[in-house]
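So you can see what is in the structure, the chains are spelled out below.
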Amino acid sequence: MNVRFLNERKAAKQLLSLCLPLALIACGNSKDAAAPTPEPVAETPAVAVMSDVHFENVYGDLKNAKFSGIPTGDGKFATIRTMYAQLTSTRLFNENYFAFRGALDDAYARGIRLVALSGDYSDDAQPVNIDGIAAILKEYQAKGMRFFIAPGNHDPNEPYDDDEAGKNDFLTAEGKEQKVYAVNYSGCKSQDATVACTNQLMELGYEKLIAQLGEFGYMPNKADVYWETPFSSYANATYTYDAALSSADVKNRQFEICAEGEGGSYKAEGEKTLGKAFTKCTSIIDSSYLVEPVKGVWLLSIDANVHIPNGAFDPVNAKAFKGFDGAGNAGWNKVLTHKKHLLAWIKTVTARAKSQGKRLIAFSHYPTMDFYANQTDTMKAVFKSGAFQVARVPEQATTTALAATGMQLHMGGHMHFNGTNDYKDASGNYFVNVQSPSLAVFGAAYKIVKYKDQDTVDIETVSLNNVARYNELFKYYQTEYDYLQNSSLAADVSKRWSKDILATKSYGEFTRFYFGELSRLRFMDEYWPCEMKEAATSLDAKQMLILSQLQTQVTFAQLKDIPGVLPLTAACMSKGSVSGTPASASQLTADWTVATNKATQLATAAGYKLDDFAKISAYEFYGDFHRTVYAGELALRDMGTDRVKQYKVLMNAFPASPAAISMLDGKPSDQNAVNVLFQNQFKQVFSILKGLGSGKPSDRFTVNFKTQTLTNTNTSSASFN
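Residues numbered from 1 in each chain as written. Predicted model: local features only at pLDDT ≥ 70, side-chain atom pairs only at ≥ 80, totals over all residues. Heavy atoms only, no water.

1. Things to note about the overall build of the protein chain
Next up, step 1: Summing up its helical and strand segments, the protein chain has 24 helices and 23 strands in all.
Next up, step 2: Computed over the C-alpha atoms, the radius of gyration of the protein chain is 27 Å, within 12% of the 27 Å expected from 2.2 N^0.38 for a compact globule of 721 residues.
Next up, step 3: Reported as C-alpha extents along the three principal axes, the dimensions of the protein chain are approximately 90 × 65 × 55 Å.
Next up, step 4: Pairs at least 24 residues apart make up 74% of the contacts formed inside the protein chain by residues separated by at least 6 positions.
Next up, step 5: Entry remark: accessible area of the protein chain is about 27400 Å², with carbon and sulfur atoms responsible for 50%.
Next up, step 6: Put simply, the protein chain has 73 plus and 76 minus side-chain charges, and the middle of one group is 3 Å from the middle of the other. (Helix = DSSP H or I, 4+ residues; strand = E, 2+ residues; numbered from the N terminus. Rg over C-alpha atoms; globule rule 2.2 N^0.38 Å. Contact = heavy atoms within 4.5 Å. Areas by Shrake-Rupley, 256 points an atom, 1.4 Å probe, with all protein chains shown as cover. Lys, Arg positive; Asp, Glu negative; His and termini not counted. Charge placed at Lys NZ, Arg CZ, Asp CG, Glu CD.)

2. Here's the deal with the sheet that holds strand β4 (residues 114-118)
Next up, step 1: The 7 strands lie next to each other as β5-β4-β1-β18-β19-β22-β23, forming an open sheet whose pairing is mixed. Single-partner strands in this sheet number two, and they are β5 (146-150) and β23 (709-712). On average, adjacent strands in this sheet sit at an angle of 25 degrees to one another, irrespective of strand direction.
Next up, step 2: Sheet topology note: the strand β19 (residues 456-463)/strand β22 (residues 700-704) ladder contains 5 bridges and is antiparallel. Within β22, the position partnered with E460 by the bridge is R700. (Pairing = 2+ DSSP bridges. Axes fitted to C-alpha atoms, helices over the stretch in contact; angles between N-to-C directions.)

3. Topic: the packing of aromatic side chains
Next up, step 1: One pass over the full model with this rule turns up 46 aromatic pairs.
Next up, step 2: When the ring of F313 is compared with that of F324, the centres are 5.7 Å apart and the planes differ by 75 degrees; the resulting orientation is edge-to-face. In this pair, F313 sits in the loop between β13 (297-301) and α10 (331-338) while F324 sits in the loop between β13 and α10, placing the two residues 11 residues apart along the sequence. No difference in accessibility class separates F313 from F324, as the two residues are buried.
Next up, step 3: Ring plane angle 85 degrees and centroid distance 6.4 Å describe the contact between Y647 and F720, whose orientation is recorded as edge-to-face. Of the two residues, Y647 sits in helix α23 (residues 641-651) while F720 sits in the segment after β23, which places them 73 residues apart along the sequence. (Phe/Tyr/Trp six-rings, centres within 6.5 Å; stacked < 30°, edge-to-face > 60°. Buried < 20%, exposed > 50% of the residue type's maximum accessible area, 1.4 Å probe, protein only.)

4. Notes on the packing of helix α16 (residues 507-527) against helix α21 (residues 618-631)
Next up, step 1: At a minimum axis distance of 9 Å, the contact between α16 and α21 shows a crossing angle of 95 degrees. On the basis of the axis angle, α16 is roughly perpendicular to α21. Counted together, R512, F513, F515, G516, E517, S519, R520, F523, M524 and Y527 of α16 and Y619, E620, Y622, G623, D624, H626, R627 and Y630 of α21 form the full contact between these two elements.
Next up, step 2: The residue makeup of the contact of α16 with α21, split by class, is 8 nonpolar, 4 polar and 6 charged. (Parallel < 35°, antiparallel > 145°, perpendicular 65-115°, else oblique. Nonpolar A, V, L, I, M, F, W, Y, C, P; charged D, E, K, R; others polar.)

5. So, the sheet that holds strand β6 (residues 166-171)
Two modes of strand pairing occur in sheets, parallel and antiparallel, and in both the strands are linked by backbone hydrogen bonds.
Next up, step 1: Ordered in space as β6-β7-β8, the 3 strands form an open sheet in which the pairing is mixed. Strands with a single pairing partner mark the edges of an open sheet, and in this sheet they are β6 and β8 (195-197). Within the sheet, the average angular offset between the axes of one strand and its neighbour, ignoring direction, is 35 degrees.

6. Regarding the pattern of salt bridges
Next up, step 1: Counted under the stated rule, the structure contains 33 salt bridges.
Next up, step 2: Among the salt bridges present, the one from E472 reaches R469, with a minimum N-O distance of 2.7 Å.
Next up, step 3: Via salt bridges that share partners, R512, E620, D624, R627, D638 and R643 belong to a single interconnected network. (Salt bridge = Lys/Arg side-chain N within 4 Å of Asp/Glu carboxyl O.)

If you want it as structure tokens, here you go:
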């Protein structure tokens, strides 16, 4: 191990030892060190938290003569991705450019001057996009706003520059797709005529990102009251800007990471625990920092990216980007093993904040606890393996370890999900995780965090339903639509999308439609088992309510003999053997009539006609489900009162104990009665929907750390409870 690394680890441990006897000194500025008694704090300014902007510079300069984008007629070029690319992605690429400006304008108008960006502020950290977001941040900075960045898994994608990266789907003036890649991409090296080559599409690593975006929190500012990294060690516990500037140098912000866990001073313990040597060890940057931009407010930007050396790691070329795994699925689970120094640092920060009366807001890109309103286990059981990216859910041990640091409030992102969860451990620690939704999806919003006093925080969610210029690029999508409609190529036909999205009248309506198409074009195939997908894409809510009441002996194998009663088939099932004397297929008609009468009674009792439920089409249902997965409480507001009530009828309509599904060769047997699969599977689907729409308050609420409670302050909030 190199000597510099050992010295840095030694200095970091010395800092921790200095910070533990908090009653005596505080590792902050010299004034705090001399007077540890908390000073009265003036009214704390609000902090806006914006996550997952996924900024793409829609009028950026690709610096490529072969492809500059689409001429706009005013000397600019639209460097945008196709609508199809957006409708099959979990984030928009283009319209969020306008949404980000809309969010900044809204925050500024509210008097907010401090903004935290909790990761994925760019979409893959390409120079064209980093230049673009830096220009916007500087524009608003000139108006008095300050910005504090935490890195996400898209910024950086890898810890070091990727000069082979690019995209296949930039939109041309003819409505076609254009490949644009960095110059070391194989197609560029081979001079492939279909590829436009420019390093504006390379993906930057930590060093260049910190250099270009340093003024947005990564580096200290002379105006800061205080600033540090996990590795800072200030002489005599005295803070100075010059000392902070020195500690901010990337050479002083590194730790040793190995394939098996964190190295450095943690290596011996780790090797003993695992019973094997640590391998593929190298130094890597941790961009975390603590800043006090105004007196009394501490913003803790945590770099929870964990890029683990993989099988391609080459110690001779340790900065080759291919030698590291992506951070997307790692999150806080891997921080516990591969960035142990962060937990030690967070513990000192939270203790010092408490001792000095600082109002601490911690933020990172990744959630710190279950973000699916504690529905994760049920989702794993019901949907396809890996559906809804459940691999990204923190383990219970992770949440427990973080609560033990004393951290009380964490603002996360990553999942493009709006939600809140809390946790109390056996030692009395109370920990709240708030998920700030993305600006680039349905439910686009940002959070406002404001301390009322030392123990009470108000959190407000500001939705971006109306965004100026959101439809500025629609005319270019029209060209794409026309091209796809007129093309007979199979690849183009498969990419056709609904033109209705171009008729939307607001950003909120646009993102709602986008999520319906995303569900149709991607989620239904990717997440839903075959027979569940068929039911979800074939049945409206009226048919679902009837089917929830159906009792019959008619099997799926018999459905082909009675067309027109139920729009389901046995196509997804194994062909089973008939046992005993089967019921007459015609019996389904009589059984359906009985079930219809029962469903009518349920609808009437809730104040509706049965036909009212038919207004919730299959497309609307599965769109609503996915919108609720991502937006939680905000999705219910979008549904409206009637639809929420109708879904509540369905949630309570299923049998208490549905019959078990008969399986054959890993699939449902076609000898199951036609009611069995739906009642068994969709009882769970509606239970998940209820849980997601009835979680902890996530729109407007108050956190009280003394009473360890979350209080909903939105009197008009919708819920499935």
